[in-house]
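# Survey of secondary and tertiary structure
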Amino acid sequence: RAGDVVFVGCDVGLFATALAYFLVAKEAGLVLAPDDETLLVERLTRPEPMLGVGRALALSGSCTSCQDVTDGVGRTLFEISEASDVRIEVRSEDLPIHPVTRSVAKFLDLPPSQLALGPGLDLSLVGTLRAVHSDDLIRDHALTVCGSVHEGHGCVAVSRDGSVFDLSTVGWQ
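Only a predicted model underlies this, so the values are computations on that prediction, with no experimental measurement involved.

## As for the packing of helix H1 (residues 14–25) against helix H2 (residues 34–45)
Between H1 and H2, whose axes approach to 8 Å, the crossing angle comes to 115 degrees. Taken together, H1 and H2 sit at an angle that is classed as roughly perpendicular. Between H1 and H2 lies a crossing whose hand is left-handed. Between H1 and H2, the residues in contact are Leu14, Phe15, Thr17, Ala18, Leu19, Tyr21 and Phe22 and Glu37, Leu39, Leu40, Val41, Arg43 and Leu44, respectively. Broken down by class, the residue content of the contact of H1 with H2 amounts to ten nonpolar, one polar and two charged.

Right under this line is the structure:
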């Protein structure tokens, strides 16, 4: 609903980062720390659904929409906006982006938000919460508020410099 806030449940884009690293960046000479490479292997081979957080959101009475991320954060938010007939605006700088995603994006000369919002099986949760009375839920489950819901249509990412890009074509389709 208009007035809700948009949340994500954990660092986003690590699945897409792993693909970008192992298929492109590593071949082009990027060397990551062993712990970072292990993290990316785990995100590719053992994604972990956020079942406990999902249950808490379902019981909270504050969650107005929620979906797990199997096609990428951008695509998932677009699907929520379409199903709810609202406009979702994501502040790309507020996305929880892991430092390894930033490193791989920099090496590939991409904005980190492209990996964070792009295709990926992160299994994070993304959705909307009522803007009032959600502070405890956000804090207790380490949710990141990264956008807002408005009257209208579509789903966009907005950066600090004011540039806007449409999320309807971002992610697995």
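## Some thoughts on a nonpolar patch on the surface
On the surface, Leu19, Leu23 and Val24 cluster together to form a nonpolar patch covering roughly 270 Å² of accessible area. Along the chain, Leu19 falls in helix H1.

## Brief notes about the sheet that holds strand E3 (residues 87–91)
Strand order in the open sheet formed by seven strands is E2-E4-E1-E5-E3-E6-E7, and the pairing between neighbours is mixed. Lying at the two open borders of the sheet, with one neighbouring strand each, are strand E2 (63–68) and strand E7 (164–166). Averaged over all neighbouring strand pairs, the angle between strand axes comes to 25 degrees, with direction disregarded. Across three bridges, strand E6 (residues 154–158) lies against E7 in antiparallel orientation. Across the sheet, residue Val158 finds its bridge partner in E7, namely Val164. Seen against the sheet, helix H3 (residues 51–60) touches strand E1 (5–8), E2 and strand E4 (125–129) and runs at an angle of roughly 15 degrees to E4.

## Structural notes on the pairing of E1
Neither face of E1 is exposed, since Val5 and Phe7 on one face and Val6 and Val8 on the opposite face are all buried. As defined by bridge partners, E1 adjoins E4 across four bridges and the pair is classed as antiparallel. Residue pairing across strands places Val6 opposite Thr128, the latter belonging to E4. When E1 meets strand E5 (residues 144–150), the two strands line up antiparallel, connected through four bridges.

## Focus on the nonpolar core
Counting 22 residues, the largest nonpolar core has Val73, Leu77, Ile88, Val90, Leu95, Leu117 and Leu167 as the members making the most contacts within it. Looking at this core element by element, the count peaks at four residues for helix H4 (residues 73–84). Excluding its chain neighbours within four sequence positions, the residues that come into contact with Ile88 are Val6, Leu77, Ile80, Ser81, Ser148, Val149, Gly154, Cys155 and Val156. Membership of the second largest hydrophobic core comes to 14 residues, among which are Ala20, Leu40, Val104 and Leu115.

How each quantity is defined
- Residues numbered from 1 in each chain as written.
- Predicted model: local features only at pLDDT ≥ 70, side-chain atom pairs only at ≥ 80, totals over all residues.
- Heavy atoms only, no water.
- Axes fitted to C-alpha atoms, helices over the stretch in contact; angles between N-to-C directions.
- Helix = DSSP H or I, 4+ residues; strand = E, 2+ residues; numbered from the N terminus.
- Parallel < 35°, antiparallel > 145°, perpendicular 65-115°, else oblique.
- Left-handed = near helix turned anticlockwise from the far one by under 90°.
- Contact = heavy atoms within 4.5 Å.
- Nonpolar A, V, L, I, M, F, W, Y, C, P; charged D, E, K, R; others polar.
- Patch = residues over 30% accessible without salt bridge, like charges linked within 9 Å, V, L, I, M, F, W, Y side chains within 5 Å.
- Areas by Shrake-Rupley, 256 points an atom, 1.4 Å probe, with all protein chains shown as cover.
- Salt bridge = Lys/Arg side-chain N within 4 Å of Asp/Glu carboxyl O.
- Pairing = 2+ DSSP bridges.
- Buried < 20%, exposed > 50% of the residue type's maximum accessible area, 1.4 Å probe, protein only.
- Core = buried A, V, L, I, M, F, W, Y, C linked by side-chain atoms within 4.5 Å.

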